[in-house]
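Tertiary structure, described
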Amino acid sequence: MKRLLLYIGVCTALLYGVRELLYIGIRSNAGGEFGKLNTAFRFKHETDVLLVGSSRAECQLYPPILENVLGVRVYNIGMTGATLPLITRCYEAFRENSPAPKQVVLLADVHSLGDRPDSIYHYPRYFPYLSNVKLYEGLRELDPRFSGFKWNAAYSLAHLSDSYKNASVRGFTGKKSKYNYLYHKGYSPCKAVMSDSTFFSLRPYAYPNRLPEHFTTALQELAQLCRKDGAQLIVLLAPVHTSYTKQLPGYEARIAELQTLCDQLQISCGNPVSSGNMQDRRLYADPAHYNVKGAILYSIYAAKYLDTLTQ
């Protein structure tokens, strides 16, 4: 029996050792996705403007353009697949190690406005960063499995695909993938790979009849956090191609609700793009994401709009 217990103890220790070694390698990536997560959740990072949101923020707001127009430091912690409750938790997690920015710019979009909050996209990427208390508490609140992911090595390892093992090896060797080079100050481009026939045939998921309660609550909380930090919260609207929005009953009504909510919370909310001038199909990677050209143009419009708010 003692030998069996010793064997179980050694195997358990090895599991935790292997997992920690894997995590160390992942966190050793100086650039790319995990370099961004290091900046967001591990390191102290000073910035004047912090961009938050889902993949629309990540791939449509290019910090260097905003920096050139506004003359300030800008960093993008937009997270693919993030709904507003997770976006708010990510802001808290960023603040655990970093000072408050002067402005927080939230890009509100179809996804963060309407999707369910209990689905965390690519959730294993957060595993190496669960020592960040605010991140862990926020993720656990949205997905109770994160208790197991943090404390049970066998459970978390079972969810790590080969891509994470490859990322760990790259971290130890210092070798970057081509994908890593696409990141810049948290921005990652969305490339156009979709044919026109597929583009115009895409249909959105079911959309809520009212602003979801979780969205309203999270925006109120984010506004309160920013107010406490002395940071100005600004909400921008992310355009969606008309072939998509016409399939969203009540979309314009949700935007109007958002504007009313922002007015109540005394938050600046606006669309930096004039009606119709960003609807060219050639600017889109898919109906809900700009490609690189579209992102650059949108970033210019956004920078000019933000500049008017500071004058």
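Source: prediction; values computed, not measured.

Let us now look at the packing of helix H12 (residues 213–229) against helix H14 (residues 251–265). Where H12 meets H14, the axes come as close as 11 Å, and the angle between the chain directions of the two elements is 35°. Pair H12 / H14 crosses with right-handed handedness. Each of Phe 215, Thr 216, Leu 219, Gln 220, Ala 223 and Arg 227 in H12 lies in contact with H14, whose residues at this interface are Leu 258, Leu 261, Cys 262 and Leu 265. Considering only residue class, the contact of H12 with H14 consists of seven nonpolar, two polar and one charged.

In this section: the confidence of the model for the protein. Considering every residue of the protein, the mean pLDDT works out to 90; 98% of them sit at 70 or more. Across the protein, the element-wise mean pLDDT spans from 73 in helix H6 (residues 110–114) up to 98 in strand S2 (residues 74–76).

Moving on: the pairing of strand S3 (residues 103–108). Judged by how many residues are buried, S3 sits mostly within the fold: six of six residues are covered. Burial of the side chains of S3 extends over both faces: Gln 103, Val 105 and Leu 107 are buried on one face and Val 104, Leu 106 and Ala 108 on the other. Note: strand S1 (residues 49–53) against S3, five bridges, orientation parallel. When the sheet's bridge partners are listed, Val 49 is paired in S3 with Gln 103. Sheet topology note: the S3/strand S4 (residues 232–237) ladder contains six bridges and is parallel. Counterpart to Val 104 in the pairing with S4 is Leu 233.

Once that is clear, we can look at the state of the cysteines. Under the criterion given, the structure shown has zero disulfides. The structure places no disulfide on Cys 90, whose sulfur is separated from the nearest cysteine sulfur, that of Cys 226, by 13 Å. For Cys 269, which is in no disulfide, the shortest distance to another cysteine sulfur is to Cys 262 and amounts to 3.9 Å.

So, about unusual backbone geometry. A positive phi angle, near 50°, is found at Lys 185, a position not held by glycine. Structurally, Lys 185 is set in the loop between helix H10 (162–173) and helix H11 (196–201).

Another point: the side chain of Glu 92. Mapped onto the elements of the fold, Glu 92 is located in helix H5 (residues 84–95). Residue classification places Glu 92 among the buried residues on the basis of a relative accessible area of 16%. The residues touching Glu 92, leaving out its near neighbours within four places in the chain, are Lys 134, Glu 221 and Leu 225.

This paragraph deals with the nonpolar core. Residues Phe 41, Tyr 126, Leu 219 and Leu 258 are the most contacted members of the largest nonpolar core, which totals 65 residues. Look past the residues within four positions of Phe 41 in its chain and what remains in contact with it is Met 79, Cys 90, Ala 93, Phe 94, Asn 97, Tyr 126, Tyr 129, Asn 132 and Leu 135. Val 49, Ala 57, Ala 302 and Leu 306 belong to the second largest nonpolar core, which has 23 residues in total.

Before going further, it helps to spend a moment on the packing of aromatic side chains. Aromatic ring pairs are described here by two measures, namely the spacing of the ring centres and the angle between the planes. Within this structure, the stated rule accounts for 14 aromatic pairs. Both rings, one in Phe 199 and one in Phe 200, keep their centres 5.0 Å apart while their planes meet at 75°; by these two values the pair is edge-to-face. Measuring from ring centre to ring centre gives 5.8 Å for Tyr 290 and Tyr 298, while their planes differ by 40°; the resulting arrangement is tilted. Each member of the pair Tyr 290 and Tyr 298 is classed as buried. Here the aromatic cluster, defined as three or more aromatic residues joined through ring pairs, consists of Tyr 123, Phe 127, Phe 146, Phe 149 and Tyr 155. It is Arg 145 that lies over the ring of Tyr 123; its NZ or CZ is 4.7 Å from the centre. Residue placement shows Lys 150 over the ring face of Tyr 136; its charged tip is 4.3 Å from the ring centre.

Take a nonpolar patch on the surface next. Taken together, the side chains of Val 292, Ile 296, Leu 297 and Ile 300 make up a nonpolar region of the molecular surface, amounting to roughly 260 Å² of accessible area. Secondary-structure assignment places Leu 297 in helix H15 (residues 292–309).

Parameters at a glance
- Residues numbered from 1 in each chain as written.
- Predicted model: local features only at pLDDT ≥ 70, side-chain atom pairs only at ≥ 80, totals over all residues.
- Heavy atoms only, no water.
- Axes fitted to C-alpha atoms, helices over the stretch in contact; angles between N-to-C directions.
- Helix = DSSP H or I, 4+ residues; strand = E, 2+ residues; numbered from the N terminus.
- Left-handed = near helix turned anticlockwise from the far one by under 90°.
- Contact = heavy atoms within 4.5 Å.
- Nonpolar A, V, L, I, M, F, W, Y, C, P; charged D, E, K, R; others polar.
- pLDDT = per-residue confidence, 0-100.
- Buried < 20%, exposed > 50% of the residue type's maximum accessible area, 1.4 Å probe, protein only.
- Pairing = 2+ DSSP bridges.
- Disulfide = S-S within 2.5 Å.
- Core = buried A, V, L, I, M, F, W, Y, C linked by side-chain atoms within 4.5 Å.
- Phe/Tyr/Trp six-rings, centres within 6.5 Å; stacked < 30°, edge-to-face > 60°.
- Lys NZ or Arg CZ within 6 Å of the ring centre and 35° of its normal.
- Patch = residues over 30% accessible without salt bridge, like charges linked within 9 Å, V, L, I, M, F, W, Y side chains within 5 Å.
- Areas by Shrake-Rupley, 256 points an atom, 1.4 Å probe, with all protein chains shown as cover.
- Salt bridge = Lys/Arg side-chain N within 4 Å of Asp/Glu carboxyl O.

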